[in-house]
Amino acid sequence: MGSRLSLNTETLQQVVTLDPICLDPRTPVREAFERMKEQQRGAVLICREGRLTGIFTERDALALMADAVDLSLPIERVMTPDPVALSERDTVGAAITRMAQGGYRRLPIVDADGRPVGFVKVGSILHFLVDHFPATVYNLPPAPHHSTVAREGA
Amino acid sequence: MICPCCGADNLDGVDDCAECGQSLSDAHLPDPPTVVEQSLLADHVPVLAPQTPVVVAADTPVRDVLRAMVDAGTGCVVVADGNRPVGVFSERDALVRLNTEAPALGGRPVSGFMTAPPETLEPDAKVAFAVQRMAVGGYRHIPIVGAGGELAGIVSVRDILRYLAEKMGGGPAA
């Protein structure tokens, strides 16, 4: 806290969400739905022999719900193949840039062998920013004319 | 002494603003902030270019709402009574509350699955405040509501990402 906000030097190790759900490409989509709900995840990774091969997000799930698609399909038929992925050594700034460019709200993080390590989620980046704001931010009223009702006692 | 935060005119020599409580001395300030930090504190929500949200009535069948979200390419709709937001329904709500039951539940009104009441922001809120609300609440969309409670737009976390990327690219030491 109170340290300088340095998005170009802080690495994703600061913000990574570990322990991603990894599914086999033949897993029925229904199982992905159920595990995302149970474990409160916005996405699952699809891996072949331990290496990242696809991603399936709640955005993909929404489209399947809207079209009432048969959820017994294997997930490899509806996943996004070969997703953009980052390394833990990439910077928070690099993740922000990639997310802004692609409209992504989460990106998988892989090691040098393409094995999934976790996710960087946009929510974690926002938390990182809030944690590194100067303490004064917390005292700011939301809008300039929004004054406090009463001053706090000393 | 004019408060830099709220603009109130204070007596010379006071330590804290009588209006908003902000410290008027600069002794407490941390290192000079970076471009990103300065921007977050100086800019207000309109710089995020809030979008016009997809709006649905509370009694809309949730199946129609799902369709509207996919067609509009949005992850969130505002459920409103007239122009007053009463809730939001997001793809997260769809995943958690409909999940594999979506076809069976599709005829029910969206009001049964929305998140209510919605978190909202005033149009003149600072960007730092919007970021903090999203981080703390775990929201990815926050409706903007005017002084009369009327819906005036929606800010998404994508707008924030785009803003941050611009600010990082626009300064030497972001």
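In what follows, the structure referred to is the one given above.
Here is what the cut-offs are and how they apply
Residues numbered from 1 in each chain as written. Chains lettered and ligands numbered in written order. Predicted model: local features only at pLDDT ≥ 70, side-chain atom pairs only at ≥ 80, totals over all residues. Heavy atoms only, no water. Helix = DSSP H or I, 4+ residues; strand = E, 2+ residues; numbered from the N terminus. Rg over C-alpha atoms; globule rule 2.2 N^0.38 Å. Buried < 20%, exposed > 50% of the residue type's maximum accessible area, 1.4 Å probe, protein only. Contact = heavy atoms within 4.5 Å. Areas by Shrake-Rupley, 256 points an atom, 1.4 Å probe, with all protein chains shown as cover. Lys, Arg positive; Asp, Glu negative; His and termini not counted. Charge placed at Lys NZ, Arg CZ, Asp CG, Glu CD. Pairing = 2+ DSSP bridges. Axes fitted to C-alpha atoms, helices over the stretch in contact; angles between N-to-C directions. Salt bridge = Lys/Arg side-chain N within 4 Å of Asp/Glu carboxyl O. Right-handed = clockwise from strand over helix to strand, strands pointing away.

A. Inspection of the overall build of chain B at higher detail. Counting its regular elements, chain B contains six helices and five strands. Each helix and strand of chain B, placed in order from N terminus to C terminus, yields the pattern α-β-α-β-β-α-α-α-β-β-α. Its C-alpha radius of gyration of 20 Å places chain B more than 25% over the 16 Å reference for a compact globule of 174 residues. Projecting the C-alpha coordinates of chain B onto the three principal axes gives extents of approximately 65 × 35 × 25 Å. Considering chain B as a whole, with its 174 residues, one finds that 47% of them fall into the buried category. The long-range share in chain B, meaning contacts at least 24 apart out of those at least 6 apart in sequence, stands at 50%. With an accessible surface of roughly 7,800 Å², chain B has 52% of that area assigned to carbon and sulfur atoms. Charge-centre separation for chain B: the mean point of 12 positive side chains lies 14 Å from the mean point of 22 negative side chains.

B. A look at the environment of Phe33(A). Its place among the elements puts Phe33(A) in helix H1 (residues 29–38). Taking C-alpha positions, Phe33(A) is 18 Å from Thr53(A), a pair spaced 20 residues apart along the chain. With sequence-adjacent residues up to four places away left out, Phe33(A) is seen in contact with Phe56(A), Ala61(A), Leu64(A), Met65(A), Leu71(A), Leu95(B), Asn99(B) and Thr100(B).

C. Focus on unusual backbone geometry. The step from Ala116(B) to Pro117(B) runs through a cis peptide bond, and the omega angle for that step is -10°. Within the element layout of this structure, Pro117(B) appears in the loop between helix H4 (102–105) and helix H5 (127–137). One non-glycine residue with positive phi stands out, namely Glu49(A), at about 50°. For Glu49(A), a relative accessible area of 72% gives the class exposed. With phi around 55°, Ala49(B) is a residue other than glycine that occupies positive phi space. In this fold, Ala49(B) is placed in the loop between helix H1 (35–42) and strand S1 (55–56). Ala49(B) gets classed as partly exposed once you look at its relative accessible area, which sits at 39%.

D. The sheet that holds S1(B), seen in detail. Residues and elements named next belong to chain B. Read from one edge of the open sheet, three strands run S1-S2-S3, paired in mixed fashion. With partners counted over all chains shown, the strands left at the sheet margins are S1 and strand S3 (84–90), one partner each. Sheet topology places S1 next to strand S2 (residues 76–81); two bridges connect them, and they run parallel. When the sheet's bridge partners are listed, Val56 is paired in S2 with Val79. Seen against the sheet, helix H2 (residues 62–72) touches S1, S2 and S3 and runs at an angle of roughly 75° to S3.

E. Expanded view of the side chain of Ser124(A). The topology assignment puts Ser124(A) in helix H4 (residues 122–132). Beyond its immediate chain neighbours, meaning those up to four positions away, Ser124(A) contacts Val15(A) and Thr17(A).

F. Just the pattern of salt bridges, in detail. Inspection of every chain in the model, using the stated rule, returns 13 salt bridges over all chains. The partner of Arg67(B) in a salt bridge is Asp67(A), with the nearest N and O atoms 2.5 Å apart. Taken together, the residues Arg67(B) in helix H2 and Asp67(A) in the loop between helix H2 (58–66) and strand S5 (80–81) connect one chain to another. Notably, a salt bridge pairs Arg133(B) with Glu119(B), separated by 2.7 Å at the nearest N-O pair. Highlighted residues: Arg133(B) in helix H5 and Glu119(B) in the loop between H4 and H5, separated in sequence by 14 residues. The network of salt bridges with common partners includes Glu58(A), Arg106(A), Arg92(B) and Arg140(B).

G. Region of interest: the pairing of S2(B). All names here are of chain B. In terms of residue burial, S2 counts as a mostly covered element, since five of its six residues are buried. Crossover connection from S1 via H2 to parallel S2: handedness right-handed. One ladder, built from six bridges, connects S2 with S3; its direction is antiparallel. Bridge pairing in S3 links Ala80 to Pro85. Counting the residues that bridge the hairpin from S2 to S3 gives two residues, and of these Gly82 lies at a positive phi of roughly 65°.

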